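Structural description and commentary
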Amino acid sequence: MPNDLHHLTIHEARERLHRRDLSSVELTRALLDRIEQVEPAVRAYVTVIQETALSQAHEADDRIAAGDAGPLTGIPLQLKDNIATRGVPTTCSSRMLEHFVPPYDAAVTERLRAQHAVILGKGNMDEFAMGSSTENSAMHPTHNPWNLERVPGGSSGGPAAAVAAGEALGSLGSDTGGSVRQPASLCGVVGMKPTYGLVSRYGLVAFASSLDQIGPLARDVTDCALLLNGIAGHDPRDSTSLPSPVPDYTKSLTGDIRGLRVGVPKEYFVEGVEPEVEAAVKRAVGVLEELGATVDWEASLPLTQYALPIYYIIAPSECSANLARYDGVKYGYSEQEADGIWDALEKTRQHGFGPEVKRRIMLGTYSLSSGYYDAYYLKAGRVRTLISQEFREAFKRYDVLVTPTSPTAAFPIGAKTQDPLQMYLSDICTIPANIAGIPAISVPCGMADGLPIGLQMMAPALGEETLLRAAHAYEQATTWHTLRPQL
Ligand code: GLN
C-alpha cells in the first residue's frame, strides 16, 4: 500500500526525515525488511549490504539532527551492479567479475555518499548491460513485480524492479540503448537518460563508451529530478563530461506547459508496436494537448529506421575494445587450469563471458577488422551524424518529441531468449536518443492486462529542464505513477 514506508517517494520520505517524524534508520530497516520479504520472488539485487546500510543510516540521522542535510540524506537507494562501489562487489552480473571488489567509488557513488544517501546494495542486470530482459544475468533472472512470470526489461531490470517492488526508494541504472527507460517502462516507474556527458561515467564499467550514460530510476518525476540533481555535473576524470553548470532541476517542475510544442513522430508507431501501447501513448499526447501544448501528430524523422542497425554496429564495436581488458591477468576471473598464457586467456574468456557478451564481441571485432571497417563502423558513424542532424532540425520545430518507450509491455520470461533480433527490437524506440546523445525520459502512461505501459519524451541536448517540466505536468494530470504492484 502507498502508506507503507517502503512505498514512499523520495520527496515524501525527505519531508518526514526533515520533520523528524521518521528516522533514516527506521526507513532503512523498513526497506531491508521489504527486501527480505519480496526478494525471493523478485530477485532485483545481486548484493545487499545490510550492516553498512544501517551504519550509513545512523550517520545520516546525525546529519539531520545537526541540521546539515541535503535532499538525499538518509534516503535508501540501490545502484546498478556496473557502478563501482568501494569495498562492495561490482559484478556486472558476470562470472568474469563475480568476485571483483573495486578499490574506488564511481563518481556518482562518491556524490551520493557525500550527500549521505544510504546505499542498500547492487541491482541485477544483463551481463555487462547487454540485453533487454535481465535474463542475460549470469547470477539469476529478475522477475517483474507486476507479474512474476514476466521480464522486468533490461539491462537495468534489477533497478527498475527494485523501485517498483518497494525494495529501494530510487536507483541508478545505465542507459546505452535504452537500459534505463525500457525497464522503467516495463515496471511502471520513471526512468531517465540524461544528455551524454551530463553525468560522469567515471567508475561506470564501460560497455559502449560513446553511448553509455548513467540515469535515475524513481517513482515519480520529482524524485527523478532530485536524483539527477544529486549526480549531474562536471567531472575532470571523465573526458566526455560536459563543463556546463547544472541547474536545480526541481525548479523546472512548474506544472505549466502552455505553448509547449510537441511532435509525435510517425516512425515510432510502426509494425511491432502493440495496439494497447499505441492507444495509451496517443491518449497521453491528448492529455498534453489539454494542458495547453500544441501537438503536431504528423511529425516525421525518416532516418529513425537506421538507428537500430547502426547501434548494433557501434555498440558491439566499442564493446569489443572495452572488454578486451578482461584477460585474466589484471583482475576478475582467471582460468588456472591452462597450458600456457594463450590457453589461459582463451579459457578465461570462454568461461568468464556468457553467450550474449561473446556474440557482441564477435560482431564488434568483425566490424572493426581490416577490410570491413569502412563498410561497417565508419559508415555507421556517418549515419550517426545524419541522425543527430535530423534531431537538431526537428527540435527547431518541437520542444519535445513523444513516442512509446517500448513497443510492447513486459513479455514472458523465456519468450525472446532464442531470438536475439526480437530481443534487440525491444529498444527500437529508445536507441535513437543514445545515438544522438540527447536526453529522454520514460513515465508510466497506462496499463494493459495488468502490465505497465511507458511514454517516452525526448528533448534537445541539455534540454533536461523542458523534459522534466513536460513529464511532470503529464504525471500530475494522471494517476499512473501512484499505482503499486501487489506482491
Ligand atoms: N538492450 C540494448 C542492448 O542490448 C541496450 C542496452 C543498454 O542500454 N545497456 O545493447
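Sequence order as written defines residue numbering, which begins from 1 separately in each chain. For a predicted model such as this one, the threshold for reporting local features is a pLDDT of at least 70, and the threshold for listing and counting side-chain atom pairs is 80 or more; totals across whole chains, interfaces and linings nevertheless cover every residue. Only hydrogens and water are set aside when side-chain values are computed; all heavy atoms of the structure are taken into account.

**A few points about the confidence of the model for the chain**
When pLDDT is averaged along the chain, the result is 97, and 99% of the positions lie at 70 or above. The predictor attaches a confidence to each residue, called pLDDT, with possible values from 0 through 100. Secondary structure elements are taken from DSSP: a helix is a run of H or I of four residues or more, a strand is a run of E of two residues or more, and numbering for both begins at the N terminus. Predicted confidence in the chain is weakest over helix H13 (residues 420-424), with a mean pLDDT of 93, and strongest over strand S2 (residues 76-80), with 99.

**A few points about the environment of Leu72**
In this structure, Leu72 sits in the loop between helix H3 (50-65) and S2. Measuring from C-alpha to C-alpha, the distance between Leu72 and Asp419 comes to 41 Å, with 347 residues separating the pair along the chain. Throughout, a residue-residue contact means that at least one pair of heavy atoms, one from each residue, lies within 4.5 Å. Those residues in contact with Leu72, other than ones at most four positions away along the chain, are Ile10, Leu112, Gln115, His116, Ala117, Leu226, Leu227 and Gly230.

**A word on the sheet that holds S2**
One open sheet accounts for 11 strands, arranged S1-S3-S2-S4-S6-S5-S10-S11-S9-S7-S8; its pairing is mixed. Either end of the sheet is taken by a strand with one partner, and the two such strands are strand S1 (45-48) and strand S8 (294-299). Strand-to-strand, the axes of this sheet are offset by a mean angle of 25°, without reference to chain direction. Sheet topology note: the strand S5 (residues 190-193)/strand S6 (residues 214-218) ladder contains 2 bridges and is antiparallel. Here, a strand pair is defined by DSSP locating no fewer than two bridges between the strands. For helices, the fitted axis covers only the stretch in contact; all axes are lines through C-alpha atoms, and the angles between them, taken along N-to-C directions, range from 0 to 180 degrees.

**Let's talk about the packing of helix H1 (residues 10-19) against helix H7 (residues 221-231)**
Between H1 and H7, whose axes approach to 8 Å, the crossing angle comes to 75°. Judged on the interaxial angle alone, H7 and H1 are roughly perpendicular. In this structure, H1 contributes Ile10, His11 and Arg14 to the contact, and H7 contributes Thr222, Asp223, Leu226 and Leu227. To sort the angles, those under 35 degrees are grouped as roughly parallel, those over 145 as roughly antiparallel, those from 65 to 115 as roughly perpendicular, and the leftovers as oblique.

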